[in-house]
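Residues per chain are reported as follows:
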Amino acid sequence: MGGSRRMMRLVIVCLMGVLAVVQAVSAATNVDSVRLWRAPDHTRLVFDLSDAVEHKLFTLSNPSRLVIDIKNATMGGALSKLDLSNTAIKTVRSAPRNGGDLRVVLDLSSAISPKSFMLKKHGDKNDRLVVDLFDRTKPIEKTVQQVVQLESGRRDIVIAIDAGHGGEDPGALGPKTGKRRLREKDVVLAISKQLASLINAEKGYRAELIRSGDYYIPLRKRRDTAREKRADLFVSIHADAFKNPKARGASVFALSRRGATSETARFLAKKENEADLIGGVGSVSLDDKDAVLRGVLVDLSMTATLGSSLQVGDNVLKSMDSVARLHKKQVEQAGFAVLKSPDVPSILVETGFISNPDEAKKLNSSYYRKNLSKAIFKGIKQHFQSVPPAGSYIAFVKNGGDPKLASSSGREHVISRGDTLSAIARKYGVTISSLQKANSLKSSSIRVGQRLNIPRS
Ligand SMILES: [Zn+2]
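To keep things clear, this report deals only with the structure shown in the data block. (Residues numbered from 1 in each chain as written. Predicted model: local features only at pLDDT ≥ 70, side-chain atom pairs only at ≥ 80, totals over all residues. Heavy atoms only, no water.)

Think of an α-helix as turning once every 3.6 residues; residues three or four places apart then point the same way. Those residues of helix α11 (residues 421–428) that sit buried are Leu421, Ile424, Ala425 and Tyr428. Projected onto a plane normal to the axis of α11, the buried residues spread over an arc of 100 degrees and lie on a single side. Among the exposed residues of α11, those pointing more than 90 degrees away from its buried face are Arg426 and Lys427. Immediately beyond the C-terminal end of α11, within one or two residues, lies Gly429, with a positive phi of roughly 65 degrees. (Buried < 20%, exposed > 50% of the residue type's maximum accessible area, 1.4 Å probe, protein only. Helix = DSSP H or I, 4+ residues; strand = E, 2+ residues; numbered from the N terminus. Arc of directions from axis to C-beta.)

Here it is as structure tokens:
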């Protein structure tokens with residue numbers, strides 16, 4: 001009796017061993033961590049995985065939830081640490097399901113459109129599952145206001161500033177400063193914000209930040225946003241690394257002709273882009289032109305755009321010579337996807353090599369970043385001073401217009417610290433809404449250094 005019982009126990013132990021092995025093989029994938037980024041129009045969740053997974057996404061209502069089912073996975077990351085403020089997500093929870101599967105549930109506070117995709121293992125990054133939650137309540141574009149501004153003949157020259165990388169993509173990494181390594185995405189965002197505040201403080205100019213926080217924007221979206229904002233210039237800011245840590249110096253890039261040519265083809269292939277192109281090729285309507293002529297027109301626009309890009313790039317490079325060591329003395333050309341706008345002159349400024357310890361140190365200093373931004377803007381101003389866009393305030397003044405007439409009453413108020421819109425309205429005896437209208441303000445938020453046109457009371 002005792003012998004057979006021992007035998008039985010042995011069989012059970014063996015079986016359990018087999019089961020354990022089966023489980024170990026099938027539940028191979030671990031969610032090592034979960035990260036979150038909030039962008040102006042969506043929230044991105046990134047699941048860092050030990051291996052590629054199969055997953056399913058679906059929404060449930062009453063209460064509103066987004067469910068992410070991941071096959072053969074376990075949760076190793078801490079969901080409670082995610083900063084959910086200002087997102088559509090109220091809470092995140094997870095639980096095992098069907099034995100080895102994992103279910104992640106997001107409780108939602110507002111409507112979203114979810115999208116998900118896998119990112120393959122790349123460099124030092126493991127496989128990742130990316131879930132984007134696009135906000136449904138998109139702010140209305142201010143196109144009408146911009147058109148009104150255009151017609152007034154005193155419009156601002158719009159500079160779109162694109163801080164490279166962001167969010168999931170840190171860009172190039174510099175040497176360690178303090179606890180962690182200097183990251184290109186942080187350095188270029190700081191420079192971009194500095195540049196934007198200089199531009200906004202200058203009458204006749206306005207800056208639009210393509211990226212204003214730590215999140216990623218696809219390259220094509222960056223240049224499309226610049227076109228939507230009716231930018232007169234697109235400036236992409238970078239601080240890349242090179243294999244050789246001794247490599248140093250700033251450089252300015254414009255698109256290479258070859259890149260432009262292939263992009264023409266791409267633009268023509270994309271039927272939905274035609275509407276954008278019509279606005280871009282001057283007043284010429286492309287609707288009734290055949291494909292060949294359309295190609296020629298877009299090509300002409302691209303050639304003109306490239307010419308302007310090279311001119312403004314040359315001004316910026318020469319101006320930067322006073323604060324930074326230059327990598328090359330002339331504007332270089334390459335097929336950067338972010339520069340491939342058919343109608344917005346675009347340059348890419350490499351502010352320095354973050355891989356060079358000396359330059360990394362400089363790029364990490366706000367003093368240097370300010371000087372660098374000043375030099376970049378000086379170059380931009382020189383360019384637009386010599387060829388101001390038609391209808392702009394700069395063109396108006398250059399052509400002998402009285403700067404005082406540029407605002408509707410000739411009065412202007414420069415915002416200083418502590419100013420509020422209501423206090424300014426009281427001071428000049430006008431209403432808040434007339435102030436907003438005269439300055440195309442969408443809200444009551446104003447910034448120090450901003451110039452407001454004071455309408456007639
Ligand atoms: Zn870069």
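Now, onward.
In the structure shown here, the tally under the stated rule is 21 salt bridges. One salt bridge in this structure joins Asp132 and Arg44, with 2.8 Å as the shortest N-O distance. Of the two residues, Asp132 is situated in strand β9 (residues 128–135) and Arg44 in strand β2 (residues 42–49); the sequence distance between them amounts to 88 residues. Accessibility classification places Asp132 together with Arg44 in one group, the buried group. Three or more residues joined by partner-sharing salt bridges are found here, namely Arg35, Asp48, Arg128 and Glu168. (Salt bridge = Lys/Arg side-chain N within 4 Å of Asp/Glu carboxyl O.)

With that settled, the discussion passes to helix α3 (residues 184–200). Between its first and last C-alpha, α3 extends 24 Å over 17 residues, near the 24 Å set by a 1.5 Å rise per residue. Counting buried residues along α3, 13 of its 17 residues qualify, which places the element largely inside the surrounding structure. (Expected span 1.5 Å × (residues − 1).)

This part covers the coordination of the zinc ion. Around the zinc ion, the protein contributes the donor atoms His165 (NE2), Glu184 (OE), His238 (ND1), Asp240 (OD) and Asp240 (OD), which lie 2.1 to 2.7 Å from the metal centre. For the zinc ion, the single-chain donor residues occur in sequence as H-x18-E-x53-H-x1-D. A residue is classified by how much of its surface remains accessible, and His238, at 11% relative accessible area, is buried. (Donors = N, O, S within 2.8 Å, 3.2 Å for Na, K, Ca; no water.)

Quick look at the sheet that holds strand β8 (residues 112–119) now. Two modes of strand pairing occur in sheets, parallel and antiparallel, and in both the strands are linked by backbone hydrogen bonds. Ordered in space as β5-β1-β2-β9-β8, the five strands form an open sheet in which the pairing is mixed. Each of the sheet's edge strands pairs with one partner strand only, and the pair in question is β5 (73–75) and β8. On average, adjacent strands in this sheet sit at an angle of 30 degrees to one another, irrespective of strand direction. With eight bridges connecting them, β8 and β9 associate as antiparallel partners. From the neighbouring strand, Ser116 faces β9, where its bridge partner is Val131. (Pairing = 2+ DSSP bridges. Axes fitted to C-alpha atoms, helices over the stretch in contact; angles between N-to-C directions.)

A word on the nonpolar core. Counting 63 residues, the largest nonpolar core has Ile159, Ile237, Val316, Met320, Val349 and Ile380 as its most contacted members. It is α3 that provides the largest number of residues to this core, a total of eight residues. With residues up to four places along the chain from it excluded, the contact list for Met320 reads Ala250, Val252, Leu326, Val349, Glu350, Leu372, Ala375 and Ile376. (Core = buried A, V, L, I, M, F, W, Y, C linked by side-chain atoms within 4.5 Å. Contact = heavy atoms within 4.5 Å.)

This next bit is on empty space enclosed by the protein. Tallied over the full model, the rule gives two cavities of 30 Å³ or more. As a volume, the largest cavity reaches approximately 70 Å³. If you go around the largest cavity, you meet eleven residues; those closest to its centre are Leu255, Thr305, Leu306, Leu339 and Ser341. The biggest single contributor to the lining of the largest cavity is helix α7 (residues 291–320), with four residues. Of the residues that constitute the lining of the largest cavity, the class distribution is seven nonpolar, four polar and no charged. Among the residues forming the lining of the second largest cavity, the class breakdown is three nonpolar, two polar and two charged. (1 Å grid on protein atoms, 1.4 Å probe; cavity = no way out; pocket = protein on both sides within 12 Å on 5 of 7 lines; lining within 4 Å. Points joined across faces, edges and corners; volume = space filled by probe spheres on them. Nonpolar A, V, L, I, M, F, W, Y, C, P; charged D, E, K, R; others polar.)

Nothing here speaks to function; it is all geometry.
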